[in-house]
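Summary of the model geometry
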Amino acid sequence: MKKVKRASDKPRPQIAALPVRRSPSGEPEILLVTTRTTRRWTVPKGWRIKGKKGHEAAAIEAREEAGIVGKIRKKPLDRYIYWKRMEDHFMLCKVTLYLLKAERRLENWAESDQRQSHWFSQKDAADIVEEPGLKAAIRSLKLG
């Protein structure tokens, strides 16, 4: 049996985009993507990118993981901590979340064949994500 090790409790920084849009009926929607390994629903996120500001890196993640392009806010929307599931251990991560107003979707993007993506109502998005901090951030968002 493979032993699962636990990484240090010091969180590693990640950045994430929370893509939002208005549905044809005018209701706010949030785009979620599946993770590549466990297929859980989450937001486009990743490690910081050297030479890029947090919001710039989050916009890159949204484009690579979901094919979404839009206006990203420079000021973080929220921060949350979660345990990232690695192959043989868990890693504590602190995510800085940026709001991205989706303007269009690319026809082709880097990870289109590696993930599913779907637009959800705010309530459904909060219900389907597993990370408690992300769930709370989505629930507290004022999209009205």
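Located above this text is the structure these notes cover.
From a predicted model like this one, the values you see are computed outputs, not experimental measurements.

Quick notes on the overall build of the protein
For the protein, the helix and strand inventory stands at 3 helices and 9 strands. The C-alpha radius of gyration computed for the protein amounts to 15 Å, which stays within 12% of the reference 15 Å derived for 144 residues, consistent with globular compactness. The principal-axis extent of the C-alpha atoms belonging to the protein is close to 50 × 35 × 30 Å. Taking the intrachain contacts of the protein between residues at least 6 apart in sequence as the baseline, contacts between residues at least 24 apart amount to 70%. Total accessible area on the protein is roughly 8,600 Å²; 50% of this is exposed by carbon and sulfur atoms. Across the protein, the 33 positively charged side chains and the 18 negatively charged ones have centroids separated by 6 Å.

A look at helix α3 (residues 132–140)
Turning to α3, its buried residues number three or more, namely Leu134, Lys135, Ala137 and Ile138. All buried residues of α3 project into a common sector of 165° when viewed along the axis, lining one side. Away from its buried face by more than 90 degrees, α3 exposes Pro132 and Arg139. In this structure, the buried residues of α3 make contact with β2 (12–22), β3 (28–34), β4 (41–42), β7 (78–85), β8 (89–105) and α2 (122–128).

What counts and how
Residues numbered from 1 in each chain as written. Predicted model: local features only at pLDDT ≥ 70, side-chain atom pairs only at ≥ 80, totals over all residues. Heavy atoms only, no water. Helix = DSSP H or I, 4+ residues; strand = E, 2+ residues; numbered from the N terminus. Rg over C-alpha atoms; globule rule 2.2 N^0.38 Å. Contact = heavy atoms within 4.5 Å. Areas by Shrake-Rupley, 256 points an atom, 1.4 Å probe, with all protein chains shown as cover. Lys, Arg positive; Asp, Glu negative; His and termini not counted. Charge placed at Lys NZ, Arg CZ, Asp CG, Glu CD. Buried < 20%, exposed > 50% of the residue type's maximum accessible area, 1.4 Å probe, protein only. Arc of directions from axis to C-beta.

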